[in-house]
Amino acid sequence: MTIDSKIKIKLYNTLSRKKQDFVPIKTDNVRLYVCGPTVYDYAHIGNARPVIVFDVLFRLLRHVYGENHVTYVRNITDVDDKINARAAQDFPNLELNEAIKKVTQKTTDQFHKDVKALLCLKPSFEPRATDHIDGMIEMVKLLIEKKHAYVASGEVLFDVNSMKNYGALSNRKLDEQKAGARIKVEEHKKNPGDFVLWKLSSESEPGWQSPWGRGRPGWHLECSVMSEALLGKQFDIHGGGLDLIFPHHENEIAQSCCAHDNDKMANYWLHNGFLQIEGKKMSKSDGNFITISELLESDKFGDKKWPGDVLRLAMLMTNYKEPIDFCVARLEEAEKILGKWKNTILALGLKFDEANRVEIEALGPCSKLLFALADDMNMSGVISHLHRHASGKKLHNANRLFGSLQLLGLVNFATMQEFQQARENQNQGVDVVLIERQISLRLQALSEKNWQEADIIRNELATAGISLKDGKDEKTGERITSWEIKK
RNA sequence: GGCCACGUGGCGGAAUGGUUACGCAGCGGAUUGCAAAUCCGUCUAUUCCGGUUCGAUUCCGGACGUGGCCUCCA
């Protein structure tokens, strides 16, 4: 992939609530941070959305600024009370720390499998919270020193009143919120909005020694510390789901800006919309909770397995900020379109042989498609350009189509090679000679206008799982019959 | 209750102060003895009510509806 500095990226910034020209702090190191999973349970299809959306952004940034000039950090939260609860539940006979390790390891491994199947690139760094505890303790110290945090009832709390423009990202004023509307306000807090930076652990809970006793970090602290460690005190883009705007991202900003005396943590804040399942909010109690691995490996949703590339396209058919109703019809449409594109690529003559690999992997998108993608990832515009390429008739169109799909991560050399192989291999295990003979018998019958006999042969083959396609030779006008194995 | 999004054909889904892209489905045609596949063509839409304007789907106000956050859910 080449550096394409002519492209101007525009992004909708939650901070300003406007679409803005993207201007990185340093063009030789564009820095992106996205909140990753808390590894207490398998990732569901809603979790897949930010992973896919920001993977596309990562790819766009790499294309525009160069592969080695973009740093993408997506953390793994492996310390959390939900993990503790899960560990105790799933491994009641193990010592808690052992059980926690099992849960986080198993869940992290599955997450990696899931995102790989969704054709996502690996981020540049994937830090784990438990590897950054020292940094978290340092940041808490700093916040206490600067009078932005205080100790109360064994907890260290961030004092939201100590920050002038707390609430700027979510456009919230502290006194307007129904504090403790659904949760009892703890009396040790100066302000109901104060949030935990550090809390004490019981003997059985996981904990680390700190100046405030053996304890563990609050959730928001991790991202502030890990982003600083890998991207610096101020970086370009911070992403995540819409629901994280408040309180998570607001609190990250509070921690980072107050600790570093900065007015900004990230210059651009991007948030993806939520998804629903068949028109309803996904929840375990409604029975419409579906994980990525279930979609990939089971027939729980729509009575069939869905390939990762189909899930990816289904997700990208809607622009990232909009809500998605994730339903079977959407997956079927995505599958149909993607199959058509892949067929077109092969039909127009692109060959996925090892000898061509370098050449093929260097294929890129057309500038119009890139222009649409750079416009706040306008995928609808992008997709219409893909259809335009797919309706072309020349090898050039196949090159463009593949190059564009490759940039978006919807196909790559390997997946196309597999697709090509599957088409070639389908002849294995069937008696090609017999089929060819049957076809010629049928052509014979046809030439004698013996429709009955011809249909018998076609039906026999159909029963054997072979479907015939009649075509016409462009030059001679003679009938040509090809065949394929029906699923 | 506060705050934030959003409302475009049967469905998905952009764009736009001036004939509403693109796709799926449908319909019609080509091809075919019929079918499948393929190709070509094509119907249908801006939630409602006001206002600004020569002109509003777009801007403003209101109504209705949907979703989200205010709770360590992406």
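Residues numbered from 1 in each chain as written. Chains lettered and ligands numbered in written order. Predicted model: local features only at pLDDT ≥ 70, side-chain atom pairs only at ≥ 80, totals over all residues. Heavy atoms only, no water.

Caption draft 1: Spatial organisation of the pattern of salt bridges. According to the stated counting rule, one finds 23 salt bridges in the structure shown. A salt bridge links arginine 86 to aspartate 41, with the shortest nitrogen-to-oxygen separation between them at 3.5 Å. You can see arginine 86 sitting in helix α2 (residues 81-90) and its partner aspartate 41 sitting in the loop between β3 (30-34) and α1 (45-65), a full 45 residues away along the chain. According to the relative accessible area criterion, aspartate 41 is buried, its value standing at 18%. Note that arginine 357 is salt-bridged to glutamate 361, the shortest N-O span being 3.1 Å. With arginine 357 and glutamate 361 both in helix α10 (residues 357-361) and four residues apart, this pair spans about one turn of that helix. Three or more residues are tied together by salt bridges with common partners; here these are Asp81, Lys199, Glu205 and Arg216. (Salt bridge = Lys/Arg side-chain N within 4 Å of Asp/Glu carboxyl O. Helix = DSSP H or I, 4+ residues; strand = E, 2+ residues; numbered from the N terminus. Buried < 20%, exposed > 50% of the residue type's maximum accessible area, 1.4 Å probe, protein only.)

Caption draft 2: Seen up close, the sheet that holds strand β7 (residues 195-200). The sheet built from four strands is open, its strands ordered β5-β6-β7-β8 with antiparallel pairing. Each edge of the open sheet carries a strand with a single partner, namely β5 (149-152) and β8 (215-217). This sheet shows a mean twist of 25 degrees between the axes of neighbouring strands, independent of strand direction. Sheet topology places β7 next to β8; three bridges connect them, and they run antiparallel. Bridging from a neighbouring strand, leucine 200 pairs with glycine 215 of β8. Each of β5, β6 (155-158), β7 and β8 is contacted by helix α4 (residues 133-145), which is oriented at about 120 degrees to β7, the strand it contacts most. (Pairing = 2+ DSSP bridges. Axes fitted to C-alpha atoms, helices over the stretch in contact; angles between N-to-C directions. Contact = heavy atoms within 4.5 Å.)

Caption draft 3: Inspection of the nonpolar core at higher detail. The biggest cluster of nonpolar side chains holds 84 residues, and the ones touching the most others in it are Ile9, Ile45, Leu57, Leu61, Phe326 and Trp341. In terms of residues, this core owes the most to one element, α1, which gives 13 residues. One finds Val79, Tyr166, Leu169 and Leu244 within the second-largest nonpolar core, a separate group that totals 38 residues. (Core = buried A, V, L, I, M, F, W, Y, C linked by side-chain atoms within 4.5 Å.)

Caption draft 4: Spatial organisation of the side chain of asparagine 288. Along the polypeptide, asparagine 288 turns up in the loop between β11 (275-277) and α7 (292-297). Take asparagine 288: its relative accessible area is 14%, and that puts it in the buried class. Reaching out from asparagine 288, the side chain makes a polar contact with the backbone oxygen of lysine 281 at a distance of 3.2 Å. The residues contacting asparagine 288, other than those within four sequence positions of it, are Ile277, Lys280, Lys281, Met282 and Ser283. (Polar contact = N/O pair within 3.5 Å; in protein donor to acceptor, adjacent residues only side chain to side chain.)

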